[in-house]
Amino acid sequence: MRTQRQVVDYSLQKRAVLRDVHNGKIGTLEVCDASPYLKSAARFHGEPTEDRCPICRRDNLTLVHYIYGDELKQSAGQARKLSELPVLAMTLREFQVFVVEVCQSCAWNHLAEQYLLGRDALTADELDQVEAIAASAAAGRHRETGLSSHGWDARR
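Residue positions within a chain follow its written sequence, with the count starting from 1. Totals for whole chains, interfaces and linings use all residues, but because this is a predicted model, local features are given only for residues with pLDDT of at least 70 and pairs of side-chain atoms are given and counted only at 80 or more. To obtain the side-chain values, all non-hydrogen atoms of the structure were included, while hydrogens and water were left out.

Attention now goes to helix α1 (residues 11-22). Compared with the 16 Å implied by 1.5 Å per residue over 12 residues, the 16 Å span of α1 between its first and last C-alpha is a close match. Exposed residues in this analysis have more than 50% of their type's maximum accessible area, buried residues have under 20%, and partly exposed residues fall in between, with area computed by a 1.4 Å probe over protein chains only. Each helix is a run of DSSP H or I of at least 4 residues and each strand a run of E of at least 2, with the numbering of both proceeding from the N terminus. Every buried residue belonging to α1 is among K14, V17, L18, D20 and V21, and all of these are buried. Each buried residue of α1 sits inside an arc of 160° when the element is viewed along its axis, so together they form one side. Among the exposed residues of α1, those pointing more than 90 degrees away from its buried face are L12, R15 and H22. Here, residues are in contact when the closest pair of their heavy atoms is within 4.5 Å. As for α1, its buried residues are in contact with α2 (28-31), β3 (60-68), β5 (95-102) and β6 (109-117). Downstream of α1 by a residue or two, G24 has a phi angle that is positive, lying close to 85°. Helices are assigned an expected span. That span is 1.5 Å times one less than the residue count. Of all possible arcs, the one meant is that of the directions from the helix axis to the C-beta atoms.

What follows is the structure, given as structure tokens:
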């Protein structure tokens, strides 16, 4: 994604945790503690990967993308599909994405990375292009439906 910035990768931390699990310093129950909400988010909003779970090796891992930011208001803290993030990145100034990997079999979970998305990273020319595309798309939808921007309010 063009607007992705301030990426923090937690793969070194993951390797350290896995090393401690395999050496017996940390029990598997300590790292396989995904909440029911996280497992549900993985099932309904997660992106499957080709990577096997490093603990049970039964299933592939699923990535869950959680979004946080002031502009999100009550949507902050929700899991979103990866395909939704570019649309949000073009409509919001800035929001944080936390990517969590989850095994739905053994409940392994680990924060994989975090990064910022949003229009703040775009140059003025890029921002003008995005706004022009959004305006033309909105105008096209209004022509197709025959409704003005207030037409849907009157039908309620």
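Now that the structure is up, let's keep going.
Here the focus is the pairing of β6. Put simply, side chains in a regular strand alternate between the two faces of the sheet. Across the nine residues that make up β6, a large majority, seven, are buried. Should DSSP find at least two bridges between two strands, the strands are taken to pair. Where strand β1 (residues 5-9) and β6 come together, three bridges link them in antiparallel fashion. Each bridged residue has a counterpart across the sheet, and for D9 the counterpart in β6 is E113. Counting the residues in the hairpin turn of β5 and β6 gives six residues, including A107, whose phi is positive at 75°.

Relative to the helices and strands, R80 is located in strand β4 (residues 79-80). Using a relative accessible area of 16% as the deciding quantity, one classes R80 as buried. In protein, a polar contact requires one atom able to donate a hydrogen and another able to accept it; more generally it is a pair of N or O atoms within 3.5 Å, and residues adjacent in sequence count only if both atoms are side-chain atoms. There is a polar contact of 3.2 Å between the side chain of R80 and the side chain of Q78. A distance of 3.3 Å separates the side chain of R80 from the side chain of E84, its partner in a polar contact.

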